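For reference, the chains in residue letters:
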Amino acid sequence: MRPPGLGRRTFLRSAAGAAGVVGLGVLTPRAVGAVDHATTSPTGAAAATTVTASDPGRTVVFHGPQQAGILTPLQRHAAFLALDVTAGSRAELEELFRALTDRARFLTTGGTQVSGGPGAPPSDSGVLGVDVVPGGLTITTSVGASLFDHRFGLADRKPARLRAMDTFADDALDRARCDGDLLLQVCADDVDVVVHAVRDLTRATRGAMQVRWRQDGFASPPRPSGTPRNLMGFKDGTANPATGDPRTMGDVVWTKAGTVAAVDGLPAVVEPAWTTGGTYHVVRLIRMLVEFWDRVSLHEQENMFGRRRDTGAPLTGTHEFDDPHLERDPTGDVIQMDAHIRLANPRSPGSERLRMLRRPYNYDAGTDANGNLDMGLVFVAFNQDLDRQFVAVQKRLEGEPLVDYISPFGGGYYFALPGVRAADDWYASRLLA
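Residues numbered from 1 in each chain as written. Predicted model: local features only at pLDDT ≥ 70, side-chain atom pairs only at ≥ 80, totals over all residues. Heavy atoms only, no water.

### Topic: the overall build of the chain
On a plain count of helices and strands, the chain comes out with 8 helices and 15 strands. Counting across all 433 residues of the chain, residues that qualify as buried make up 54%. In the chain, the proportion of contacts linking residues at least 24 apart, taken out of those at least 6 apart, comes to 78%. Accessible surface for the chain amounts to roughly 17600 Å². Of this, 54% is attributable to carbon and sulfur atoms. (Helix = DSSP H or I, 4+ residues; strand = E, 2+ residues; numbered from the N terminus. Buried < 20%, exposed > 50% of the residue type's maximum accessible area, 1.4 Å probe, protein only. Contact = heavy atoms within 4.5 Å. Areas by Shrake-Rupley, 256 points an atom, 1.4 Å probe, with all protein chains shown as cover.)

Written out as structure tokens, the structure reads:
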């Protein structure tokens, strides 16, 4: 709670300002060389589905035309926070974005916090010790459709496809765990770095936003190699597009301002000028009914996915990244017609338009009220066009055999803001210009 008599804007400015300046000027010696958002893995697989090793001093570049945490190789731990904005005006909304930027810039760089002075609360939680280490931290800030309601005069600037998350045929959505004005995706190599960042960000913005829902996740290391596995035991993200190819990312991930031509029955739309360098950010919370799944034969499990569990290879191939050559199996004699990989990516003429960049995390929330294991997947995907990619694929997956073993219950559609380009820039600066 902010001190009595302290206005929301003043609170945000004082909470974020002093420590944010330190992040720009006093760096811990352990903050070793920065790395770019994306690299290409030695195997040629998409780097976003490789998993980084823990390194307390590792930094990921914060400034750039796009945000980190999108093409960045998977860090081991993540937290997804959907938030409701409580700021009372457009000016206070700007203060909120500036405060988030100041804190994200400092946290992803590392440094030493400034003391609040005698009698003041500590300037830092102390979770990471004396110095804040970056630990491969990325903070990806996205906006939800509800931010564009009447409160801030932004209705005419809403991304063309952005809306509350659809309810699909096989969903069991809890709307209290859906949507939100903002989404913060906080990822790092170690869980304490994620926890520290979450506490810092919520403390610095206490007067202007409130957590709506939160889901933590973790990325499994490759076992034994290749793409990480989900909690059903199968590799997840094998067919991702290569993040090291700028042309592919320009076609699959990054939204471009201007007219989006009609395609696949979708109407033409116009994306606002500020959206260039952003992307549609989909998060789906999917519970896996693992007690039932673990009683299914391996043969049946593999038929549902269309891949081998041990290697990740398509049932028509030998190695994980083999082309399944669905055209050679047109009647589903090997890979069934309702197998997940055939529905999600039919590999037919024009189906390349369906590709999206997936960046999934597993979650384990213990047990539910009935003593059943509560675990599953935080499905994360980045799309140039929400409807052409994610929504089209999701509709293709309706009724697939896997729906008996999964239950989507939350998440949302968001738009990841364009990147913060320099030290004098801030999140949403072009949106609010």
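### Let's talk about the packing of aromatic side chains
Under the criterion given, the structure shown has 12 aromatic pairs. Ring geometry for Trp293 against Tyr405: centres 5.4 Å apart, planes inclined by 70°, an arrangement best described as edge-to-face. With Trp293 in helix 5 (residues 290-293) and Tyr405 in the loop between helix 8 (387-397) and strand 15 (406-416), this residue pair connects regions lying 112 residues apart in the sequence. Neither residue differs from the other here; Trp293 and Tyr405 are each classed as buried. Connected via pairs of aromatic rings, a cluster forms that spans Phe168, Phe379, Phe390 and Tyr413. The residue whose ring lies beneath Arg295 is Phe292, and the NZ or CZ to ring-centre distance is 5.8 Å. (Phe/Tyr/Trp six-rings, centres within 6.5 Å; stacked < 30°, edge-to-face > 60°. Lys NZ or Arg CZ within 6 Å of the ring centre and 35° of its normal.)

### Regarding the pattern of salt bridges
The final tally for this structure, using the stated rule, is 23 salt bridges. As a salt-bridge pair, Glu327 and Arg328 come within 3.9 Å of each other at their nearest N and O atoms. Because the salt bridges share partners, they merge into one network encompassing Arg161, Arg163, Asp166, Asp385 and Asp387. (Salt bridge = Lys/Arg side-chain N within 4 Å of Asp/Glu carboxyl O.)

### Points about unusual backbone geometry
Note: most residues except glycine have negative phi, and most peptide bonds are trans. The omega torsion of the bond from Arg223 to Pro224 falls at 0°, within 30 degrees of zero and hence cis. Examined against the element boundaries, Pro224 turns out to sit in the loop between strand 8 (209-218) and helix 4 (246-252). Phi at His325 is positive, roughly 45°, even though this residue is not glycine. Tracing the backbone through its elements, the reader meets His325 in the loop between helix 6 (298-305) and helix 7 (340-344). Note on His325: relative accessible area 25%, which makes it partly exposed. In this model, Ala428 sits at a positive phi of 70°, which is unusual for a non-glycine residue.

### Re the pairing of strand 14 (residues 373-383)
A large share of strand 14 lies buried, amounting to 10 of its 11 residues. Alignment of strand 11 (residues 279-288) against strand 14, held across 9 bridges, turns out to be antiparallel. Residue pairing in the sheet places Arg287 in a bridge with Gly376 of strand 14. In the sheet, strand 12 (residues 357-358) pairs with strand 14 via 2 bridges, with the strands oriented antiparallel. Each bridged residue has a counterpart across the sheet, and for Arg358 the counterpart in strand 14 is Ala381. Where strand 13 (residues 361-367) meets strand 14, 5 bridges bridge the pair, whose relative direction is antiparallel. Paired with Asp364 across the bridge in strand 14 is Met375. Connecting strand 13 to the next strand, strand 14, in antiparallel fashion are 5 residues, including Gly371 with a positive phi near 85°. (Pairing = 2+ DSSP bridges.)

### As for the nonpolar core
When a protein is soluble and globular, its nonpolar side chains tend to lie buried together. Counting residues in hydrophobic clusters, the biggest one holds 76 residues, and the most contacted among them are Phe97 and Leu182. Excluding residues within four positions of it along the chain, Phe97 makes contact with Thr141, Val143, Leu147, Leu182, Leu417, Trp426, Tyr427, Ala428 and Leu432. Residues Phe80, Leu183, Ala219 and Tyr363 belong to the second largest nonpolar core, which totals 26 residues. (Core = buried A, V, L, I, M, F, W, Y, C linked by side-chain atoms within 4.5 Å.)

### Examining helix 3 (residues 191-204)
Each turn of an α-helix holds 3.6 residues, which means side chains three or four residues apart point in the same direction. Given a rise of 1.5 Å per residue, 14 residues ought to cover 20 Å, and the 20 Å separating the end C-alpha atoms of helix 3 matches this to within 8%. When helix 3 is considered as a whole, its buried residues turn out to be Val193, Val194, His196, Ala197, Val198, Asp200, Leu201 and Ala204. (Expected span 1.5 Å × (residues − 1).)

### Quick word on the packing of helix 2 (residues 90-109) against helix 3
Remark: helix 2 packs on helix 3, axes separated minimally by 9 Å, with the N-to-C direction vectors making an angle of 155°. As far as their axial angle goes, helix 3 and helix 2 are roughly antiparallel. Note that helix 2 runs across helix 3; the crossing there is right-handed. Two secondary-structure elements touch here, helix 2 through Ala99, Leu100, Arg103, Ala104 and Leu107 and helix 3 through His196, Ala197, Asp200, Leu201 and Ala204. Class assignment of the residues belonging to the contact of helix 2 with helix 3 gives a composition of 7 nonpolar, 1 polar and 2 charged. (Axes fitted to C-alpha atoms, helices over the stretch in contact; angles between N-to-C directions. Parallel < 35°, antiparallel > 145°, perpendicular 65-115°, else oblique. Left-handed = near helix turned anticlockwise from the far one by under 90°. Nonpolar A, V, L, I, M, F, W, Y, C, P; charged D, E, K, R; others polar.)

### As for helix 6
Burial in helix 6 covers these residues: Gln301, Glu302, Asn303, Met304 and Phe305. At the C-terminal side of helix 6, Gly306 shows a positive phi close to 85°.

### Side note on the confidence of the model for the chain
For the chain, the average pLDDT comes to 90, and 89% of its residues sit at 70 or higher. Here residues 13-33 is a poorly scored stretch, pLDDT under 50, and it has 40 contacts once near neighbours within four places are set aside; other chains count. Counting interchain partners and residues more than four positions distant, the pLDDT-below-50 stretch residues 39-45 has 9 contacts. (pLDDT = per-residue confidence, 0-100.)

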